[in-house]
Amino acid sequence: MHRAAAFVSLAVSLAAIPHTVSAQAAAADADLARGKTHYVASCARCHGVLGNGGEGPSLARASLPRAPDDATLMRLAAVGIPGSAMSGSWWLSRNELRQLTMYVRSLAPSGPEATMALAGDPVQGRTLFEGARCTRCHT
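Computed from a predicted structure; not experimentally measured.

1. What about the overall build of the protein?
Then comes step 1: Of the regular secondary structure elements, the protein holds six helices and zero strands.
Then comes step 2: Buried positions account for 22% of the 139 residues belonging to the protein.
Then comes step 3: Expressed as a percentage of contacts within the protein between residues at least 6 apart in sequence, the contacts between residues at least 24 apart total 54%.
Then comes step 4: When the accessible surface of the protein is split by element, carbon and sulfur atoms take 63% of a total near 10,000 Å².

Written out as structure tokens, the structure reads:
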């Protein structure tokens, strides 16, 4: 009888797993949707609706040079970047900043193109960019 009770208990526990995973996935999807709402309201004007850049740099990349981790990205989103046109979204709560960060990270490409190295000389590119006075309009 003890063995049967253990089996029933295990079966009940296993039956709950898909529901828990489903609930976690639904919560993550909801956070991502809220993050997108914050992004569109606070970031899209400069970084582009799809995160591909404009006045501000593209955020649709595998790594962000100024924000190598989520904590740094949250801080930049909150306080901005001093000396640049990027002001912070100080009105967002910590949870809203987490959702925004989650959404920004989702903009990164996946698959083979995400790890593909770009050809070119970054030093020469910077020289051309600055020499042509592109920085008047672009960051």
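2. Quick notes on the confidence of the model for the protein
Then comes step 1: For the protein, per-residue confidence averages 83 on the pLDDT scale, and residues scoring 70 or more make up 78% of the total.
Then comes step 2: Taking the mean pLDDT of every element in the protein, the minimum, 60, falls on helix H5 (residues 112-115) and the maximum, 96, on helix H3 (residues 70-79).

3. What about the state of the cysteines?
Then comes step 1: Tallied over the full model, the rule gives zero disulfides.
Then comes step 2: In this structure Cys43 is a free cysteine whose sulfur lies 8.8 Å from that of Cys46, the closest cysteine sulfur available.

4. Details of helix H4 (residues 94-106)
Then comes step 1: With 13 residues, H4 should reach 18 Å at 1.5 Å per residue; the first-to-last C-alpha distance of 18 Å fits that figure.
Then comes step 2: Considered for burial, the residues of H4 that qualify are Leu97, Gln99, Leu100, Thr101, Tyr103 and Val104.

5. Description of the pattern of salt bridges
Opposite charge on two side chains permits them to pair, given that their charged atoms come into close proximity.
Then comes step 1: As enumerated under the stated definition, the model contains five salt bridges in all.
Then comes step 2: Residue Arg45 pairs with Glu55 through a salt bridge whose shortest N-O separation is 3.5 Å. Residue Arg45 is located in helix H2 (residues 44-47), and its partner Glu55 is located in the loop between H2 and H3; the two are separated by ten residues in the primary sequence.

6. A look at the side chain of Thr101
Then comes step 1: Along the chain, Thr101 turns up in helix H4.
Then comes step 2: Take Thr101: its relative accessible area is 3%, and that puts it in the buried class.
Then comes step 3: In this structure, Thr101 is in contact with Asp70, Leu73 and Met74, ignoring residues within four places of it in sequence.

7. Examining the packing of aromatic side chains
Then comes step 1: This structure, assessed with the given rule, holds two aromatic pairs.
Then comes step 2: Measuring from centroid to centroid gives 5.4 Å for Trp90 and Trp91, while their planes differ by 85°, and the two rings are edge-to-face.

8. Side note on the nonpolar core
Grouped burial of nonpolar side chains is what soluble globular proteins tend to show.
Then comes step 1: Ranked by size, the top nonpolar core spans 18 residues in total, and within it Tyr39, Leu59, Leu64, Leu97, Leu100 and Val104 carry the most contacts.
Then comes step 2: Taken together, the elements giving at least two residues each to this core come down to H3 and H4.
Then comes step 3: No other element matches H3, which puts five residues into this core.
Then comes step 4: Setting aside residues no more than four positions away along its own chain, Leu97 makes contact with Met74, Ala77, Ala78, Ser89 and Leu92.

What counts, and at which threshold
Residues numbered from 1 in each chain as written. Predicted model: local features only at pLDDT ≥ 70, side-chain atom pairs only at ≥ 80, totals over all residues. Heavy atoms only, no water. Helix = DSSP H or I, 4+ residues; strand = E, 2+ residues; numbered from the N terminus. Buried < 20%, exposed > 50% of the residue type's maximum accessible area, 1.4 Å probe, protein only. Contact = heavy atoms within 4.5 Å. Areas by Shrake-Rupley, 256 points an atom, 1.4 Å probe, with all protein chains shown as cover. pLDDT = per-residue confidence, 0-100. Disulfide = S-S within 2.5 Å. Expected span 1.5 Å × (residues − 1). Salt bridge = Lys/Arg side-chain N within 4 Å of Asp/Glu carboxyl O. Phe/Tyr/Trp six-rings, centres within 6.5 Å; stacked < 30°, edge-to-face > 60°. Core = buried A, V, L, I, M, F, W, Y, C linked by side-chain atoms within 4.5 Å.

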